[in-house]
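Remarks on the overall topology
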Amino acid sequence: MELDSRFGKYEVSRHLRERGDYVDVYEAFLGNDRRPVELHILRHRVSDKNPDFQRFLNEFQTLSSLTHPHVVKFLDFGILEDRVFYATVATGSQTLEEIVDSGKRFGVVTTVELGRQMAVALGYLHEKKIIHRNIGPDSIFWNITQKQAILGGFALVKNFKLINLTVRGIKQPTEPRMTPEKYHRQEQDERTDLYLLGGVLYWLLTGKPAITVEYDEMKPELILCTTPPSHVNPDIPESLDGLVMKLLQEDPAKRFSDAGKLESALDEAKLSLTTMA
């Protein structure tokens, strides 16, 4: 979507990315000190009957209630020129997808620390009765200098304190997150987020997806990963295999029961790796 260099009080610099087929994200600056922000602008005109608008509303309402060092920081919301938007403080970071696409790779210790920080963020969300459901390489930001992970991508958030607007009939992103629960049409809960995080860790460690869907005569078949990370990448300590594969269990009851237990396991793994080094 084309946007002028001024959007209300914001000085627009450049288009950063698209989010599905309904939101454009721009780099912008606010105020005399030119505070860097990201503008998330809904492509469609404002309409209470538009499902994209409803989902966008759910998203910014959830973000506006959150304050956490590992969650993107909400700044502003408004309607300007019949366009609905919200602003977040710029992370100063790239997504994991952008970093890997640029040719950089994450070391084992860095991957474990990133996972630990995301477990902390998920613990915070889950305590607030919020399930993210959209965790992936394009929704996690990583500041290479500060070694800080920040979670964004709240388009599919399920907030039990709000009317759930992410329902059947509303457009999903072009590549919705697949989990065993989603495939089997089962209820998704906090352990769904842990599965998705496990998929990100597996991808960072091995360069391969943890879950794929193949089509045979148009019938989808779920292919789950059963190969431990160390069997794909011999540089990965076998001690991490159990942790990652536990996150990727098809049965949610066999995963970590909550984000706090995952955080503790990742703390122990990081300490073990640091000691080995």
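Look up a bit, the structure's there.
Residues numbered from 1 in each chain as written. Predicted model: local features only at pLDDT ≥ 70, side-chain atom pairs only at ≥ 80, totals over all residues. Heavy atoms only, no water.

1. Brief notes about the overall build of the protein
Just so we agree on the cut-off: Only DSSP runs of H or I with at least four residues qualify as helices, and only runs of E with at least two residues qualify as strands; both kinds are numbered from the N terminus onward. Throughout, radius of gyration means the C-alpha value; the globule benchmark is 2.2 Å times the number of residues raised to the power 0.38. The criterion used for residue contact is that any of the two residues' heavy atoms lie within 4.5 Å. In these tables, accessible area is a Shrake-Rupley quantity obtained with a 1.4 Å probe, and a residue counts as shielded only by the protein chains included in the view. The positive count covers Lys and Arg only, the negative count covers Asp and Glu only, and His and the chain ends enter neither. Every charge is mapped to an atom, namely NZ of Lys, CZ of Arg, CG of Asp or CD of Glu.
Across its full length, the protein holds eight helices and 13 strands. Radius of gyration (C-alpha) of the protein: 19 Å, near the 19 Å computed for a compact globule of 277 residues. The principal-axis extents of the C-alpha atoms in the protein amount to approximately 55 × 45 × 35 Å. Here the analysis covers contacts within the protein between residues at least 6 apart in sequence; of these, 60% occur between residues at least 24 apart. Accessible surface, the protein: about 14,000 Å² in total, of which carbon and sulfur atoms supply 48%. Where the 35 positive side-chain charges of the protein centre and where its 40 negative ones centre are 4 Å apart.

2. So, the environment of glutamate 38
Quick note on the threshold: Each residue is placed in one exposure class: buried if its accessible area under a 1.4 Å probe, protein chains only, is under 20% of its type's maximum, exposed if it is over 50%, and partly exposed if it falls in between. Whenever two N or O atoms come within 3.5 Å, that pair is a polar contact, provided that in protein one can donate a hydrogen and the other can accept it, and provided that, for residues adjacent in sequence, both atoms are side-chain atoms.
Within the secondary structure, glutamate 38 is located in strand S4 (residues 35-42). Using a relative accessible area of 8% as the deciding quantity, one classes glutamate 38 as buried. Taking the C-alpha atoms as reference points, glutamate 38 and tyrosine 86, separated by 48 residues in sequence, lie 8.4 Å from one another. Look past the residues within four positions of glutamate 38 in its chain and what remains in contact with it is Leu16, Arg17, Val25, Tyr26, Tyr86, Ala87, Thr88 and Ala90. Only 2.8 Å separates the side chain of glutamate 38 from the side chain of arginine 17, close enough to count as a polar contact.

3. Observations regarding the side chain of histidine 40
Note that histidine 40 resides in strand S4. Among the polar contacts listed, one links the side chain of histidine 40 to the side chain of arginine 19, at a separation of 3.1 Å. Once residues within four sequence positions are removed from consideration, histidine 40 is found in contact with Arg19, Val23, Asp24, Val25, Phe56, Val84, Phe85, Tyr86 and Thr88.

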